[in-house]
Amino acid sequence: MAERGGRGTSSGGDSSLDKSITLPPDEIFRNLENAKCFAIDIGGSLTKLAYYSTVQHKVARVRSFDHSGKSQEKDHHSNMPSPYEIQFQRDHSCDVHFIKFENTYIKPGVVPTIQRPIERRKDVMTCLIKGCNFVLKNIPHEVFAYQKDSDTEFRFQTNHPNIFPYLLVNIGSGVSIVKVETGDKFEWIGGSSIGGGTFWGLGALLTKTKKFDELLQLASKGQHTNVDMLVKDVYGGAYQTLGLSGNLIASSFGKSATADKEFSKDDMAKSLLHMISNDIGQLACLYAKLHNLHKIYFGGFFIRGHPVTMRTITYSINFFSKGEVQALFLRHEGYLGAIGAFLKGAEQDNPNEYSWGENYAGSSGLMSPSPDLCPMQRARSGTFDMFEMDRLERPLVNLPLLKDPSTYIPDTVDLTDDAMARKYWLTCFEEALDGVVKRAMASQPDSIDAAERAEKFRQKYWNKLQTLRQQPFAYGTLTVRSLLDTREHCLNEFSFPDPYSKVKQKENGIALKCFPSVIESLDSLGWEERQFALVKGLLAGNVFDWGAKARPWLEDSYSEWIQRLKEGPPHKCALIFADNSGIDIILGVFPFVRELLSRGSEVILACNSGPALNDVTYSESLIVTERIAAMDPIIQSALMEERLLLVQTGSSSPCLDLSRLDKGLALLVRERKTDLVIIEGMGRAIHTNYYAALQCESLKLAVIKNSWLADRLGGKIFSVIFKYEVPLK
């Protein structure tokens, strides 16, 4: 196995890490013993290490008793036969780990050492561009604009399907400016020797401070006007003729030439940071205008998510371009070279053929440089920054039926922007944590270390929540979806892949037994009465009167839907995103599916690829559908004739991102000419996709079971959402 590195690559030899770091090496260098290849980008200031590893983890597999040779088990409480057995097994997946740290931490004689041969070095600029293209395509909310005077300083951008062309300004020890036109076509068009190394070097001379982070901390406390000469210092106020504000810097360090006094380290660091950031911003703006580019991505270790740096660069770009050019920053700007080197070194594994997702459990997130702002996260990672990505076995793409993929935003509420909502939901997740821990332990009653692992999960997820209280921007836009996904990632890290597995097993068994009587009851109803009963079935399991006159429907397009069924032709194909196991899928979704099939429509039933809460998974749906088909000739014939197709979504989340769906599902949607999309459940239809616009007819159905959310949407708890939407022609 070869170590494949970027610029300045070294075989490691005796080099490793200082023992003064706050975390044990095995917690920073996760799964290092299973690493397949390495890429090391050793810059003038920081080292970035990337490695590709095989990760062992526990998975919950379901298997029909009919195929296992075992007799059906019975649930001890209900005495009901289980429809399938659950087995927890070991499986493997592939992750990519990135660690970033200052070069001063590389010292001889300290473990862990990496002693593997170098196969070849990589071109620095090629690696940089490959890394940038990779994060722009694969990491949601990777890009943000910085707005100091906004309630939310970090404005994250929606991933655009077409990322080209753009200007990349990489600020490492020096500055490189690259025009990127396609994935393979780019051109170095300029640069500067005045960059991050200049700030570090001059800062060390001026303040006697050797650590880069400490220099940023000094700058954050400084007042540059004590050192810099402003326009008003020269002209007594604004220079109206040229349109220059009196507070603009006329001369960096200008006051130091004439003042007979000592200047504070804080003020000098702040002045130096302004000087270099302004210079880089103006240079980048000039190149962008010269090449007619409107997007500039800033990367490199100099940025580090530091507010003063980003504010100064943003101001400079806006000032010199008069708002025509946008300054954009990357959450993982320091990793671009290492990511590109990894991609080059791992070409035999075809990394670009897969989709990737950020693993929040293994990533330290976008951190403030101030140790005072988030001491817990700083204590956790010291001066080490970590970023982990999971390789997804199936490519993810946009749903072809999105009206405009470039403007699609999955999430209904942005918790980064809404402080009140953020406080409420973080508290909700904190209060629910004990219940999740108990559920996790109950899912593995025969495991001797389940309690210990559950406690580790509790601590990790609690720490993540505290970090997000202080730094809600850590993983991009904070949403209910990202909080749920972070919880799932933490559960998986401690080998709790499916805490609701036994609950789902029991509820599926009970619902299957009830299915024949429910179908018999529905078939006895007249057409209009049956349609309303079918809708009630989709929204079943809630605790209020479903009487037609008394129903508290916040969104009520039911009449329009019925009119469409009466007067319009059958839909060619309906795509249904299923929600929960048990009553929901078996007694709600399948009767609705059966009705659509009876009308002559084909149906694609999409379920989660992996477990999340009590949502039905693709593997569970296969067994459930097999059992239903044995009881119902309509379902059975539809399966045999391939008019009913079961597919996986590519997701393991309780919510739904229509821009990251399994490629096979997208192809099937096109092939079958899908003209109706049905999204059900709070996670998929309210927390996400409430405002999603599609090219075809759609139904969004849910019951609002949270009083705060009901109030936010203008209703009451247990209000019904029934949104039938027809796109404007």
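Cut-offs and rules
Residues numbered from 1 in each chain as written. Predicted model: local features only at pLDDT ≥ 70, side-chain atom pairs only at ≥ 80, totals over all residues. Heavy atoms only, no water. Helix = DSSP H or I, 4+ residues; strand = E, 2+ residues; numbered from the N terminus. Buried < 20%, exposed > 50% of the residue type's maximum accessible area, 1.4 Å probe, protein only. 1 Å grid on protein atoms, 1.4 Å probe; cavity = no way out; pocket = protein on both sides within 12 Å on 5 of 7 lines; lining within 4 Å. Points joined across faces, edges and corners; volume = space filled by probe spheres on them. Nonpolar A, V, L, I, M, F, W, Y, C, P; charged D, E, K, R; others polar. Pairing = 2+ DSSP bridges. Axes fitted to C-alpha atoms, helices over the stretch in contact; angles between N-to-C directions. Parallel < 35°, antiparallel > 145°, perpendicular 65-115°, else oblique. Left-handed = near helix turned anticlockwise from the far one by under 90°. Contact = heavy atoms within 4.5 Å.

## A closer look at unusual backbone geometry
Piece 1. The amide bond that connects F164 to the next residue, P165, takes the cis arrangement and shows omega of -10°.
Piece 2. Topologically, P165 is positioned in the loop between β7 (154-156) and β8 (166-171).
Piece 3. One non-glycine residue with positive phi stands out, namely F253, at about 60°.
Piece 4. Structurally, F253 can be placed in the loop between β12 (249-251) and α7 (265-290).
Piece 5. Assessed through its relative accessible area of 18%, F253 is described here as buried.
Piece 6. Here the phi dihedral of K673 falls at roughly 55°; this positive angle occurs in a residue that is not glycine.
Piece 7. Along the chain, the position of K673 falls in the loop between α21 (663-671) and β23 (676-680).

## Here we look at empty space enclosed by the protein
Once rolled over the atoms, a probe with the size of a water molecule shows which space is left empty.
Piece 1. Throughout the structure, instances matching the rule amount to six cavities of 30 Å³ or more.
Piece 2. Volume-wise, the second largest cavity comes out at about 60 Å³.
Piece 3. As for the second largest cavity, its lining consists of D411, T412, V413, W425, T479, V480, R481, I686, H687 and L709.
Piece 4. For the lining of the second largest cavity, the elements supplying multiple residues, two or more each, are α14 (480-493) and α22 (682-687).
Piece 5. A per-class count over the lining of the second largest cavity returns five nonpolar, three polar and two charged.

## Quick notes on the pairing of strand β19 (residues 573-577)
The side chains of a regular strand alternate, first on one face of the sheet and then on the other.
Piece 1. Counting buried residues in β19 gives five out of five residues, a clear majority hidden from the surface.
Piece 2. Residues C573, L575 and F577 of β19 are buried on one face, and the alternating residues A574 and I576, pointing to the opposite face, are buried as well.
Piece 3. As judged from the five bridges shared by β19 and strand β20 (residues 602-607), these two strands associate in the parallel manner. What sits directly across from I576, in β20, is L605.

## Describing the layout of surface pockets
Piece 1. A volume near 1100 Å³ is recorded for the second largest pocket.
Piece 2. Along the wall of the second largest pocket there are 46 residues; nearest its centre are L136, K137, N138, N159 and H160.
Piece 3. When contributions to the lining of the second largest pocket are tallied by element, the ones reaching two or more residues are α3 (124-138), β7, β15 (355-358) and β17 (396-397).
Piece 4. The dominant element in the lining of the second largest pocket, judged by the number of residues it contributes, is α3, at six residues.
Piece 5. In terms of residue class, the lining of the second largest pocket is built from 20 nonpolar, 16 polar and 10 charged.

## Remarks on the packing of helix α4 (residues 196-207) against α7
Piece 1. Relative orientation of the contacting elements α4 and α7 amounts to 160°, with a least axis distance of 10 Å. Considering the angle they form, α4 stands roughly antiparallel to α7. The two elements α4 and α7 cross, and the hand of that crossing is right-handed. Contacts between α4 and α7 involve T198, F199, L202, G203, L206 and T207 from the first element and K265, M268, A269, L272, L273 and I276 from the second.
Piece 2. Along the lines of polarity and charge, the residues of the contact of α4 with α7 split into eight nonpolar, three polar and one charged.

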